[in-house]
Amino acid sequence: IEDLMGEFQVARVTVRQAMALLARDGLVSPQRGRGTFVTATGGGARRLKVETTLDDLVEMYRGDVPELLTIAESDAAPLLTDRDGTPAPGYFHMRRVHSRDGERYCVITIYIDERVFRRAPERFRSEVILPVLVGLPGLVVARARQTLEISKADPAIAGLLGIPVNEPIAEVRRVLSDPGGTVI
């Protein structure tokens with residue numbers, strides 16, 4: 001306890017509470033007269049299912065006018081899995097930073113089916129993507145899937161957002177497909 005107090009510059013009660021949480025989760029085993037032993041490794045994937053609809057996501061962004069700083073455009077293709085769907089023949093790739101009220105809050109990497117992008121290139125470049133995408137006449141989003149992981153800001157992301165390296169961040173991955181299963 002003394003070593004942990006010194007290493008992390010925390011009070012005795014904080015160390016005791018942390019150890020109790022670790023014991024409760026089965027990661028350590030306190031044994032009277034012998035000490036506390038590590039019994040399992042952490043970092044296992046604990047999944048929390050958080051559901052929403054595409055309409056709810058679009059509504060969340062509707063009317064939102066963030067400041068957009070495009071930092072890259074190319075014809076790069078996304079990394080897709082078989083579960084994602086069929087790749088489109090080509091993609092338009094954008095990487096940009098979103099700000100609101102002068103504060104950067106999001107670094108976004110976007111891959112849009114090139115055929116879809118050509119239908120509204122200026123809108124895709126200047127507006128939030130989801131409302132533009134679902135508002136395109138004749139475009140049907142048949143499937144939308146989103147995953148969220150909590151990770152740490154690498155030096156590039158930290159620099160773009162003005163936060164410390166290793167600061168906790170949320171990484172969101174959204175995959176939308178048309179009725180034929182093509183990832184748009």
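These numbers come from a predicted model, not from an experiment. (Residues numbered from 1 in each chain as written. Predicted model: local features only at pLDDT ≥ 70, side-chain atom pairs only at ≥ 80, totals over all residues. Heavy atoms only, no water.)

Q: An account of the pattern of salt bridges is needed here, citing residue identities and associated values.
A: Summed over all chains, the structure comprises nine salt bridges. Here Asp113 ties to Arg115 by a salt bridge, and the two come within 2.6 Å at their closest N and O atoms. Exposure remark for Asp113: the relative accessible area of 2% places this residue in the buried category. One salt bridge connects Glu114 with Arg118, and the closest N-O pair in it is separated by 3.8 Å. On the accessibility criterion, Arg118 (56% relative accessible area) is exposed. When salt bridges with common partners are traced through the structure, they connect Glu73, Glu122 and Arg125 into a single cluster. (Salt bridge = Lys/Arg side-chain N within 4 Å of Asp/Glu carboxyl O. Buried < 20%, exposed > 50% of the residue type's maximum accessible area, 1.4 Å probe, protein only.)

Q: Tell me about helix H3 (residues 54–61), and name the residues and values.
A: Note that an α-helix has 3.6 residues per turn; residues three or four places apart therefore point the same way. Within H3, burial applies to Leu54, Leu57, Val58 and Tyr61. Seen from one end, H3 has its buried residues packed into an arc of 95°, which puts them on one side. Turned more than 90 degrees from where H3 packs its buried face, Asp55 and Met60 sit exposed. In this structure, the buried residues of H3 make contact with helix H6 (129–135), strand E6 (143–152) and strand E7 (168–177). (Helix = DSSP H or I, 4+ residues; strand = E, 2+ residues; numbered from the N terminus. Arc of directions from axis to C-beta. Contact = heavy atoms within 4.5 Å.)

Q: Break down the sheet that holds strand E5 (residues 103–113) for me, citing the residues and quoting the values.
A: By way of backbone hydrogen bonds, the strands of a sheet pair with one another, either parallel or antiparallel. In space, the three strands of this open sheet follow the order E3-E4-E5, with antiparallel pairing throughout. Bordering the open sheet on either side are strand E3 (67–74) and E5, each of which pairs with just one other strand. Going across the sheet, the axis of each strand differs from the next one's by a mean of 20°, ignoring polarity. Examined bridge by bridge, strand E4 (residues 91–100) and E5 share 10 bridges and lie antiparallel to one another. Considered in E5, the bridge of Phe92 is made with Ile112. (Pairing = 2+ DSSP bridges. Axes fitted to C-alpha atoms, helices over the stretch in contact; angles between N-to-C directions.)

Q: Mind laying out unusual backbone geometry, listing which residues take part and the relevant values?
A: Most peptide bonds adopt trans geometry, and most residues besides glycine take a negative phi value. Located in the positive-phi region is Gln9, a residue other than glycine, with phi close to 55°. Checked against the element boundaries, Gln9 lands in the loop between helix H1 (2–8) and helix H2 (12–24). In the Ramachandran plot, Asn166 falls in the positive-phi region, its phi being about 75° despite a non-glycine side chain.

Q: Can you tell me about the pairing of strand E2 (residues 35–38), naming the residues and giving the values?
A: Summarising the sheet, strand E1 (residues 28–31) and E2 pair through four bridges and their orientation is antiparallel. For Val28, the partnering residue across the bridge sits in E2 and is Val38.

Q: So what's going on with the environment of Asp84? Residues and values would help.
A: Relative to the helices and strands, Asp84 is located in the loop between E3 and E4. Taking the C-alpha atoms as reference points, Asp84 and Val15, separated by 69 residues in sequence, lie 44 Å from one another. Leave out the neighbours within four places in its chain, and Asp84 touches Leu79, Arg143, Arg145, Arg173, Val175, Ser177 and Val183.

Q: Explain the environment of Phe8 to me, and be specific about the residues and the numbers.
A: In this fold, Phe8 is placed in helix H1. Looking at Phe8, the relative accessible area reads 52%, which means it is exposed. Sequence separation of Phe8 and Ser126 is 118 residues, and the distance between their C-alpha atoms is 46 Å.

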